[in-house]
Amino acid sequence: MTTYRVARAARLLGVSDDSVRRWIDQGLLPVTDAVPAEIPGEALAAFAVTMANDPGDGFEHRSSARNSFVGIVTRVQVDGVMAQVDIQAGPHRVVSLLSAEAVRELQLEVGTTARASVKATNVVVELAGD
């Protein structure tokens, strides 16, 4: 299971470490028994989607002039030779259609950190280094 420490989760969500800690204290984000606290990737992915749908709740809306978005994989749907991968990068949802083989090679799953690079109508998905 992929997990994220508070600082990494904060960067992925585009908020401060303190915001993530408050959400943990309020029971909005679950943590594992690890010390320091770690957030399960699937829970962080679900929370990112919720926050993106309600940006007025402490989530800063940011815009980037760059065409590269680091985020968390929120959905992977494989159908035959093709797949759809959804990435939540702060308030931005990026959807990519790619080969099922690429999904398997990259080991993309809900909760994985990934980078979406956009050029024209194509989106390239690659693993983001931690």
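Definitions and cut-offs
Residues numbered from 1 in each chain as written. Predicted model: local features only at pLDDT ≥ 70, side-chain atom pairs only at ≥ 80, totals over all residues. Heavy atoms only, no water. Helix = DSSP H or I, 4+ residues; strand = E, 2+ residues; numbered from the N terminus. Contact = heavy atoms within 4.5 Å. Buried < 20%, exposed > 50% of the residue type's maximum accessible area, 1.4 Å probe, protein only. Arc of directions from axis to C-beta. Phe/Tyr/Trp six-rings, centres within 6.5 Å; stacked < 30°, edge-to-face > 60°. Pairing = 2+ DSSP bridges. Salt bridge = Lys/Arg side-chain N within 4 Å of Asp/Glu carboxyl O.

An unreviewed UniProt entry lists the chain under the name TOBE domain-containing protein, with Microbacterium gawkjiense as the source organism.

Enquirer: What am I meant to see in the environment of Ser-96 here?
Expert: Secondary-structure assignment places Ser-96 in strand S5 (residues 92-99). In this structure, Ser-96 is in contact with Ala-83, Gln-84, Val-85, Val-123 and Val-125, ignoring residues within four places of it in sequence.

Enquirer: Please clarify how helix H2 (residues 17-25) should be interpreted in this entry.
Expert: The α-helix advances 3.6 residues per turn, and as a result positions three or four apart in sequence lie on the same side. Considered for burial, the residues of H2 that qualify are Ser-19, Val-20, Trp-23 and Ile-24. When H2 is viewed along its axis, its buried side chains cluster within an angular range of 140° and face the same direction. One or two positions beyond H2, positive phi appears at Gly-27, with a value near 80°.

Enquirer: I keep staring at the packing of aromatic side chains and nothing clicks. Help me out?
Expert: Applying the stated criterion to the full structure yields one aromatic pair. Ring geometry for Trp-23 against Phe-47: centres 4.9 Å apart, planes inclined by 55°, an arrangement best described as tilted. Taken together, the residues Trp-23 in helix H2 and Phe-47 in helix H3 (residues 41-53) connect sequence positions 24 residues apart. Residue Trp-23 shares its accessibility class with Phe-47, and that shared class is buried.

Enquirer: Is there a simple way to think about the pairing of strand S4 (residues 82-89) in this case?
Expert: Along any regular strand the residues' side chains alternate between the sheet's two faces. The element S4 is extensively covered by neighbouring structure, given that seven of its eight residues are classed as buried. As consecutive antiparallel partners, strand S3 (residues 68-79) and S4 are separated by two residues, and within that stretch Gly-80 has a phi angle of approximately 70°, a positive value. Across eight bridges, S4 lies against S5 in antiparallel orientation. Following the sheet pairing, Asp-86 is matched in S5 by Val-95. Linking S4 back to S5 in an antiparallel pair, the connection comprises two residues, with Gly-90 at a positive phi of about 65°.

Enquirer: What exactly am I supposed to notice about the pattern of salt bridges here?
Expert: Side-chain pairs of opposite charge can arise where the charged atoms are in close proximity. For the structure shown, the criterion picks out three salt bridges. The closest approach of N and O atoms between Asp-18 and Arg-21, which form a salt bridge, is 3.2 Å. Of this pair, Asp-18 and Arg-21 both sit in helix H2, three residues apart, which is roughly one turn of the helix. Under the relative-accessibility criterion, Arg-21 is labelled partly exposed at 39%.

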